Amino acid sequence: MRTAVVITASNRASRGEYADLSGESLAKGLTALGYEVSGPHVVADSIDLISEQLTVALANKTRLIVTTGGTGVSPTDVTPEATAPFIEKIIPGFSEALRAHSREKLPTSDLTRGLVGTHGTSLIINLPGSQGAIKDGLVIIERLAGHILDQLDGKDH
């Protein structure tokens, strides 16, 4: 069984102002896809706090690291900036697939700045923080993540 971790970046959820529904939905969805999931780990929209969680996940050799939240254009959205230093190989097609899948339902999905890439044998994915984005993101994860992880393991494609 492959391991996964969910990291939620949200100032309000981290302060307990509302429940982290997106992180919970993401963890349940990844479990349904066969991953052994840790989290969601909820942190404030902070490059340092998000980076700490990414560092821990990579140190634990977690295969799939999925963040939710902080991918928009507001001043507090910093998840891509926190993620970028960890990515060794960027996979823009994954983000393009997510936007294409979501576009008809929500035209503003094209504004997400989430990054996707690899670090060693780990796959890191930034998803927006809405329930709809989680649902759409799980579709793309199901389509592509297994193949990416197989390639990272050196399997033929």
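Here goes a summary of the coordinates provided.

Quick notes on the rules
Residues numbered from 1 in each chain as written. Predicted model: local features only at pLDDT ≥ 70, side-chain atom pairs only at ≥ 80, totals over all residues. Heavy atoms only, no water. Helix = DSSP H or I, 4+ residues; strand = E, 2+ residues; numbered from the N terminus. Expected span 1.5 Å × (residues − 1). Bend = angle between axes of the 7 residues up to and from the residue. Buried < 20%, exposed > 50% of the residue type's maximum accessible area, 1.4 Å probe, protein only. Contact = heavy atoms within 4.5 Å. Pairing = 2+ DSSP bridges. Axes fitted to C-alpha atoms, helices over the stretch in contact; angles between N-to-C directions. Core = buried A, V, L, I, M, F, W, Y, C linked by side-chain atoms within 4.5 Å. Salt bridge = Lys/Arg side-chain N within 4 Å of Asp/Glu carboxyl O.

**Points about unusual backbone geometry**
Excluding glycine, residues mostly carry a negative phi; peptide bonds, for their part, are mostly trans.
No. 1: A cis geometry characterises the amide bond from Gly 39 onward to Pro 40, with omega recorded as 20°.
No. 2: Take Pro 40: it is sitting in strand β2 (residues 36-43).

**Considering helix α6 (residues 131-152)**
No. 1: In a regular helix each residue adds 1.5 Å, so 22 residues correspond to 32 Å; α6 covers 29 Å between its end C-alpha atoms and thus fits that length.
No. 2: The principal kink in α6, of about 40°, is found at Ile 141.
No. 3: Of all the positions in α6, only Ala 133, Ile 134, Asp 136, Gly 137, Leu 138, Ile 140, Ile 141, Ala 145, Ile 148 and Leu 149 are classed as buried.
No. 4: Where the residues of α6 are buried, they touch α2 (21-32), β3 (64-68), α5 (92-103), β5 (116-119) and β6 (122-127).
No. 5: Positive backbone phi, at 85°, marks Gly 154, one or two positions downstream of α6.

**A word on the sheet that holds β6**
No. 1: Spatial strand order, β2-β1-β3-β6-β5-β4: six strands in an open sheet with mixed pairing. The sheet is open, and its two borders are formed by β2 and β4 (89-90), each paired with just one other strand.
No. 2: Here strand β1 (residues 3-9) runs beside β3; their pairing, made up of five bridges, is parallel. Pairing of Ile 7 across the sheet is with Thr 67, part of β3.
No. 3: Here α2 sits on the sheet and contacts β1, β2, β3 and β6; the angle it forms with β2, its principal contact strand, is near 170°.
No. 4: On the sheet, α6 packs against β3, β5 and β6 and is oriented at approximately 165° with respect to β6.

**With respect to the environment of Gly 70**
No. 1: Take Gly 70: it is sitting in the loop between β3 and α4 (79-83).
No. 2: For Gly 70, a relative accessible area of 10% translates into the label buried.
No. 3: Separated by 62 residues in sequence, Gly 70 and Thr 8 place their C-alpha atoms 8.5 Å apart.
No. 4: Excluding anything up to four places from it in sequence, Gly 70 contacts Ala 9, Asp 45, Asp 77, Val 78, Thr 79, Pro 80 and Arg 113.

**What about the nonpolar core?**
No. 1: Judged by nonpolar contacts, the single largest core of 21 residues is most densely connected at Leu 30, Leu 64, Ile 125 and Ile 141.
No. 2: When residues of this core are traced back to their parent elements, those giving at least two are β1, α2, β3, α5, β6 and α6.
No. 3: Considering every element that reaches this core, the biggest residue donor is α6, with seven residues.
No. 4: Setting aside residues up to four positions removed in sequence, Ile 125 forms contacts with Leu 64, Ile 65, Val 66, Thr 67, Phe 94, Leu 115, Val 116 and Ile 141.
No. 5: By size, the runner-up hydrophobic cluster in this structure holds 13 residues, among which are Ile 7, Ala 57, Leu 58 and Ala 82.

**What to know about the pairing of β5**
No. 1: Relative to β5, β4 is paired through two bridges, and the arrangement is antiparallel. Bridging from a neighbouring strand, Lys 89 pairs with Thr 118 of β5.
No. 2: Two strands pair when backbone bridges link them, and β5 and β6 are joined in this way by four bridges, in the antiparallel orientation. Counted as the bridge partner of Thr 118 is Leu 123 from β6.
No. 3: The loop that links β5 with its antiparallel partner β6 comprises two residues; one of these, Gly 120, has a positive phi angle of about 60°.

**What to know about the pattern of salt bridges**
No. 1: Under the criterion given, the structure shown has eight salt bridges.
No. 2: Across the pair Glu 17 and Arg 15 runs a salt bridge whose closest N-O atoms are separated by 2.7 Å.
No. 3: Under the relative-accessibility criterion, Arg 15 is labelled exposed at 54%.
No. 4: Across the pair Asp 153 and Arg 63 runs a salt bridge whose closest N-O atoms are separated by 3.0 Å. On the criterion of sequence distance, the pair formed by Asp 153 in the segment after α6 and Arg 63 in the loop between α3 (47-59) and β3 is long-range, its members being 90 residues apart.
No. 5: Here Asp 153 falls in the partly exposed class, since its relative accessible area comes to 39%.
No. 6: By sharing partners, the salt bridges in this structure join Arg 2, Arg 63, Asp 150, Asp 153 and Lys 155 into a single network.

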